[in-house]
Amino acid sequence: MKRLEAWERLVAAARRGPAPAPDVTAAVRSRLAVRAAPAGHRWPLGFAGACASLALVVGVLGCQAWSALNEGWLAWLLGVSGGWVL
Amino acid sequence: MTGPARDIALPADSRDAADELDAGRAARGDGDAFTRLIERHQAAVARWMWRFTRDRDEHAELVQEVFVAAWESFGSYRGDGRFGGWLQRIAVRTGYDLWRRRRRERVEFEPDVAAVADRVTHDPSPAAAVEAAETVHALLARLAPRDRLVLTLLHLDGLTVDEIAAVTGWSRSMVKVQAWRARGKLRRLLEAGEPA
């Protein structure tokens, strides 16, 4: 019982205790700015990666078109393997 | 790095109106309106989160997490209650998640409840209040997160059963049952250390 009474006195004193008051405005704004860019739309390899991917897509599409026009087996193979890599 | 929070003092009515206006704007993506909300509420959030950790760095991190979670939850903000109440629900969930991730804390000392209570009862100094708060925190850290949460909200924040139900999302009867169980565990914890 002694400890239960002591607990109540402790809680009453603890409620008076001061809390730190950090200014988090800048930190929160900074974190939100980082999160604002949708993660799914970022290029994992940066600008060079984006250019390389674009070149690959254009190349594959070109091969497919050439294949469709000429029915060449090499172009067809390149197109299929390029599509598989993508 | 975080500096001390500015205290934004407004009368309660105009503060609620300003909150409602800024929350509506923030929900539509207005970052400046959200900054004003942070400035008005960060001192209260800091007080709430100090119940969940006594580590200053972790505390600052938790306060930030509450506002980041609020920004990401504006889709669920209906504007039909006080913004502070909505923010408190997020704060309680953030703190509770911290406790659940960590499970029971390893307390580094065995608090002598009676001795500390005797020391701080008639001492109005902030240092005595800090000592009392540290002791209470160390004792509650020995309980499961759910017991700890209900006792913290009841005893330290002085919330009613209805208010606890509102901030936790539990039903009123669940709050009562949880509080009854948690008090029993606390009593056993206190009696275990009581001298014969």
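Everything numeric in this text was worked out from a predicted model, so none of it was measured.

Student: Break down the pattern of salt bridges for me, citing the residues and quoting the values.
Tutor: All names here are of chain B. The final tally for this structure, using the stated rule, is 14 salt bridges over all chains. Residue Asp157 is joined to Arg51 by a salt bridge in which the shortest nitrogen-to-oxygen separation is 2.9 Å. Of the two residues, Asp157 sits in the loop between α7 (145-156) and α8 (161-168) while Arg51 sits in the loop between α2 (31-49) and α3 (56-72), which places them 106 residues apart along the sequence. Asp157 gets classed as partly exposed once you look at its relative accessible area, which sits at 22%.

Student: Could you give me a rundown of the packing of aromatic side chains, with the residues and numbers involved?
Tutor: Both the distance between ring centres and the angle between the ring planes are used here to describe each pair of aromatic rings. Residue and element names in this part refer to chain B. Applying the stated criterion across every chain, the model contains 11 aromatic pairs over all chains. Relative to Trp71, the ring of Phe34 lies with its centre 5.0 Å away and its plane at 50 degrees, an arrangement referred to as tilted. Placement of Phe34 in helix α2 and of Trp71 in helix α3 is noted, with a sequence separation of 37 residues between them. You can call Phe34 buried: its relative accessible area is 2%. Here a set of aromatic residues connected by ring pairs shows up, and it is made of Phe34, Phe67, Trp71, Phe74, Tyr77, Phe83 and Trp86.

Student: Quick one: what's the story with α7 of chain B, residue by residue and with numbers?
Tutor: Taking burial as the measure, the 12 residues of α7 of chain B include 11 buried ones, the bulk of the element. Of the positions making up α7 of chain B, those classed as buried are Pro145, Asp147, Arg148, Leu149, Val150, Leu151, Thr152, Leu153, Leu154, His155 and Leu156 of chain B. In this structure, the buried residues of α7 of chain B make contact with α1 (2-14) of chain A together with α4 (83-102), α6 (126-140), α8 and α9 (172-192) of chain B. Where α7 of chain B terminates, the next one or two residues include Gly158 of chain B, which has phi positive at roughly 65 degrees.

Conventions and cut-offs
- Residues numbered from 1 in each chain as written.
- Chains lettered and ligands numbered in written order.
- Predicted model: local features only at pLDDT ≥ 70, side-chain atom pairs only at ≥ 80, totals over all residues.
- Heavy atoms only, no water.
- Salt bridge = Lys/Arg side-chain N within 4 Å of Asp/Glu carboxyl O.
- Helix = DSSP H or I, 4+ residues; strand = E, 2+ residues; numbered from the N terminus.
- Buried < 20%, exposed > 50% of the residue type's maximum accessible area, 1.4 Å probe, protein only.
- Phe/Tyr/Trp six-rings, centres within 6.5 Å; stacked < 30°, edge-to-face > 60°.
- Contact = heavy atoms within 4.5 Å.

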